[in-house]
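Understanding the architecture of this molecule
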Amino acid sequence: MRGSDLLVQSLVQAGVKHVFGMSGHTTLPILDSISREESIRFILARHENTLVSMADGYARASLDPGVCVTHVGPSAANLLTGIGSAFRDSSPVIAITCNEEQSRLDRDVMNSWDQLTPFRSVTKWSVQARAAKDIPRIMRSAFIRSRLGRRQPVQVDIPLDVAAEEIKEAPAAKKPAYASYSSRVRPDPELVADVADRLLRSNRPLVLAGAGVNRSDATAELVQFAELASLPVAVTSGGRGAFPESHPFFVGIVGRSGTRTASEALKESDFVLAVGSRLSDYATMNWTLIDPAATIVQVDIDPSEIGRQYPVDIGAVADCRMFLRDLIPAVKPLLAKAGGAQASARARALGGRCAAERASVLDGLDLDSVPTKARRLVKEIGESIRRDAIIAIGGGRHSHFINQHVPVDAPRGAIRSVGFGAIGFAFPASLGAKLACPDRQVLCLVGDGDFCMSMQDMETAARERINVVTVVFNDSSYSSVKFLQARHFGRNIGVDYTNPDFAKYAELGGARGFRVERPGEIRPALEAALKENRPCVVDVILDSAEKTYYGVFAS
Ligand SMILES: Cc1cc2nc3c(=O)[nH]c(=O)nc-3n(C[C@H](O)[C@H](O)[C@H](O)COP(=O)(O)OP(=O)(O)OC[C@H]3O[C@@H](n4cnc5c(N)ncnc54)[C@H](O)[C@@H]3O)c2cc1C
Ligand SMILES: Cc1ncc(C[n+]2csc(CCOP(=O)(O)OP(=O)(O)O)c2C)c(N)n1
Ligand SMILES: [Mg+2]
């Protein structure tokens, strides 16, 4: 038995079904061991940034760790951007980086570098296995660390001699049952009682739901709580999907590319219950959206995030789901005394304002104009997809239109690199999400610049039959940067380019392509793509001068 067999055994014990990887001479023992394990599907990707983002998308959609493997040096280096996204957005990715033989490492052999130091700033734990016998222990710890508490990536570095090392007997170890390791941390009951009391005494309370609600799978509890206490609920970009956006109490997405109603509601609230949100710069428009006199409650699994952005009044270190579960019975008796008619009216009024805002965005728009407006495209997408669809969203200005008009109604229905804000993430993340949730519609809604950073993996999608529909917002520019540049510098440089025909490109790689040049062609193309039994690209040529109406790009 080799070190690489022990590694694969550990993956099997952890319930891993997919490994996203790259090949190179240092990966050979591990690839060989994986090839002999029927329960694991190895997915070869065409770039490390895509394979790590596939693992990340898989983790975000399934809540199980996503696992990836790379070769030494440049191959491992290519992981860093994707690991950065997973780190910033609390996604549990296990990155296995293969390395040169230990005895050669100090001689600067080809490909080699200090492979641990760069990862330390974007992982929860970065460790090297020095002997085959240590692999089961290290892998156990890697899975525990990435899954428990704040979920984040872990790097396990495996030198070639360790992977290839033959050992006679596997080290005796208990088979870990990860399902019985839990970090469902409950909040201090006195603190919960205090939150309930202050909430009921406030006049304009609001729940701000963040990514922590998605990571803790707490949507059902959040809906129950909001309905019980008649509370308006806003989300952050990371929190999309945490609360159904068709719910009458949904007031929108806060922040610089969110919806106006949500930001205004946050500003006027005198009690803000932030569940699983960092209260980031973008979510709070550089910390201007919360009234300094408001009571702020922050619930976070990570103590270092409590009070980091705002001097919160109550800080609860807890799992979002457990917090809400405990808050519900604490609020109930108080509600019986207080009566909730006024609160309910406010939640409904704000919800109605948000729905009207979203609908009004089409006011005055010539829906049939050519080139097509992004607003027409998002309207068609919103009307074509299932309520439980998963959308992976790109990082450019198109995300602004998507935020405002494509509703997300189901848990973990939106996947996006929000904290690191990396482009090149959405398309591979959508592939990982589809593998995690084969029965859900998965779409990638992405800018042309963003898609160009990962589109080589359309071949992977076709080869592995991962049927995602990618809609390219094609405006032949990095338009988010272009608008800012024009506003602040009065001219443009480094933001315009010529695209290939993405539909033809898709067909060359074995996928199906649709080129859409007129608005009337959008719906038939989307409907056909959603029925296809192949990955599809819908390349929509857009009006690059279209402006957004709210937030940083508003004119
Ligand atoms: C172009 C662009 C535009 C953007 N515009 C906006 C915008 O308009 N509005 C906006 O909101 N954001 C926007 N963002 C994203 C923004 O940068 C932040 O990433 C985002 O606001 C973070 O949301 P969050 O605090 O909910 O999530 P995170 O930053 O992921 O924070 C989640 C928190 O939950 C905690 N947590 C994790 N698991 C649990 C658990 N089980 N229980 C309890 N707590 C847990 C974590 O410790 C963390 O502190 C934009 C990003 C880009 C790239
Ligand atoms: C890896 C990476 N490189 C550069 C950037 C800076 N950046 C942010 S948005 C953007 C433009 C994205 O263009 P596109 O995907 O076409 O979207 P658009 O803004 O045109 O809708 C760039 C270059 C980034 N966020 N990530
Ligand atoms: Mg663009």
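Residues numbered from 1 in each chain as written. Chains lettered and ligands numbered in written order. Predicted model: local features only at pLDDT ≥ 70, side-chain atom pairs only at ≥ 80, totals over all residues.

As a further point, take the overall build of the protein. Per the secondary structure count, the protein includes 22 helices and 18 strands. For the protein, whose C-alpha radius of gyration is 24 Å, the value lies close to the compact-globule estimate of 24 Å for 555 residues. Here the C-alpha coordinates of the protein stretch approximately 70 × 60 × 45 Å along the principal axes. Residues counted as buried form 54% of the 555 residues belonging to the protein. In the protein, the share of contacts with a sequence separation of at least 24, taken over all contacts with a separation of at least 6, comes to 76%. (Helix = DSSP H or I, 4+ residues; strand = E, 2+ residues; numbered from the N terminus. Rg over C-alpha atoms; globule rule 2.2 N^0.38 Å. Buried ≥ 20, exposed ≤ 12 C-beta atoms within 10 Å, placed from the backbone. Contact = placed C-beta atoms within 7 Å.)

With parallel pairing, six strands are arranged side by side in an open sheet as 9-8-7-10-11-12. Among the strands making up the open sheet, the edge pair consists of strand 9 (250-253) and strand 12 (314-317). Looking at each pair of strands side by side, their axes are set apart by 15 degrees on average, direction ignored. Note: strand 10 (residues 271-275) against strand 11 (residues 295-300), five bridges, orientation parallel. Its bridge partner lying in strand 11, Leu 273 is registered against Val 297. Contacting strand 7 (205-209), strand 8 (233-235), strand 9 and strand 10, helix 12 (residues 260-268) crosses the sheet at an angle of about 105 degrees to strand 9. (Pairing = 2+ DSSP bridges. Axes fitted to C-alpha atoms, helices over the stretch in contact; angles between N-to-C directions.)

Here the focus is the domain arrangement of the protein. Size of an interface: often given as the accessible area lost when the parts come together. Along its sequence, the protein is carved into domain 1 (3-179), domain 2 (189-355) and domain 3 (363-541). Measuring from the centre of the C-alpha atoms in domain 1 to the corresponding centre in domain 3 gives 30 Å. The partner domain 3 presents 26 residues to the 23 residues of domain 1 that form the contact. For the side of domain 1 that touches domain 3, the secondary structure elements donating two or more residues are strand 2 (41-44), helix 3 (48-62) and helix 5 (80-88). Looking at which element gives the most residues to the side of domain 1 that touches domain 3, the answer is helix 3, with 11 residues. Its residues placed into classes, the side of domain 1 that touches domain 3 shows seven nonpolar, 11 polar and five charged. (Domains from an automatic or database assignment. Nonpolar A, V, L, I, M, F, W, Y, C, P; charged D, E, K, R; others polar.)

Right, let's talk about the site of ligand 2 for a bit. As a matter of local geometry, ligand 2 sits amid 21 residues, with Gly 396, Gly 447, Gly 449, Asp 450 and Ser 480 nearest to it. Secondary structure elements with two or more residues in the shell around ligand 2: helix 18 (448-452) and helix 20 (479-489). Residues of the shell around ligand 2, tallied by class, amount to five nonpolar, 12 polar and four charged. (Near = placed C-beta within 6 Å.)

Looking down a regular strand, the side chains alternate between one sheet face and the other. Burial analysis of strand 18 (residues 536-541) places six of its six residues in the buried class, which makes it a mostly covered element. Burial along strand 18 is two-sided: the face carrying Cys 536, Val 538 and Val 540 and the face carrying Val 537, Asp 539 and Ile 541 are both buried. Across six bridges, strand 16 (residues 469-474) lies against strand 18 in parallel orientation. Looking across to strand 18, one finds that Thr 470 is bridged to Val 537. Of the strand pairs in this sheet, strand 17 (residues 512-516) and strand 18 are connected by five bridges, and their pairing is parallel. Its bridge partner lying in strand 18, Phe 514 is registered against Val 538. Running through helix 22 (residues 522-531), the crossover from strand 17 to the neighbouring parallel element strand 18 is right-handed. (Right-handed = clockwise from strand over helix to strand, strands pointing away.)

Neighbouring residues of ligand 1: 35 residues in total, closest Gly 210, Gly 212, Gly 238, Gly 255 and Gly 421. With three residues, helix 10 (residues 211-215) is the single largest residue contributor to the shell around ligand 1.

The next thing to look at is the environment of Leu 191. Summarising the element assignment, Leu 191 is placed in helix 9 (residues 189-201). With 19 C-beta atoms packed within 10 Å, Leu 191 lands in the partly exposed category. As a C-alpha pair, Leu 191 and Gly 315 span 124 residues in sequence and 8.5 Å in three-dimensional space. With sequence-adjacent residues up to four places away left out, Leu 191 is seen in contact with Ile 314 and Ala 316.

Turning our eyes to something else, we now look at the environment of Ala 359. Following the sequence through the fold, Ala 359 ends up in helix 14 (residues 341-360). In this structure Ala 359 comes out as exposed when scored by C-beta crowding, with 11 C-beta atoms within 10 Å. Residues Ala 359 and His 405, 46 residues apart in the sequence, show an inter-C-alpha distance of 8.0 Å.

Attention now moves to the nonpolar core. Ranked by size, the top nonpolar core spans 107 residues in total, and within it Ala 55, Cys 68, Ile 391, Leu 443, Leu 445, Val 538 and Val 540 carry the most contacts. In terms of domain composition, this core takes at least three residues from each of domain 1 (3-179) and domain 3 (363-541). In this structure Val 540 touches Thr 372, Leu 377, Val 471, Val 472, Phe 473, Asn 474, Val 516 and Ile 522, once residues within four positions along its chain are discounted. By size, the runner-up hydrophobic cluster in this structure holds 54 residues, among which are Val 192, Leu 206, Ala 262 and Ala 347. (Core = buried A, V, L, I, M, F, W, Y, C linked by C-beta atoms within 7 Å.)

A few words on the sheet that holds strand 6 (residues 154-159). In space, the six strands of this open sheet follow the order 2-1-3-4-6-5, with parallel pairing throughout. A single partner strand is all that each edge strand has here, and the edge strands are strand 2 and strand 5 (125-128). Shown here is a sheet whose adjacent strand axes are inclined to one another by a mean of 20 degrees, direction ignored. In this structure, strand 1 (residues 18-21) lies alongside strand 2, joined through four bridges in parallel fashion.

This brings us to unusual backbone geometry. Keep in mind that most residues, glycine aside, have a negative phi and that most peptide bonds are trans. Following Val 370, the chain continues to Pro 371 via a peptide bond in cis, the omega torsion being 0 degrees. You can see Pro 371 is positioned in the loop between helix 14 and helix 15 (374-384). In the Ramachandran plot, Leu 63 falls in the positive-phi region, its phi being about 70 degrees despite a non-glycine side chain. Here Leu 63 is to be found in the loop between helix 3 and strand 3 (66-70). Located in the positive-phi region is Ser 230, a residue other than glycine, with phi close to 55 degrees. Here Ser 230 shows up in the loop between helix 11 (219-229) and strand 8.

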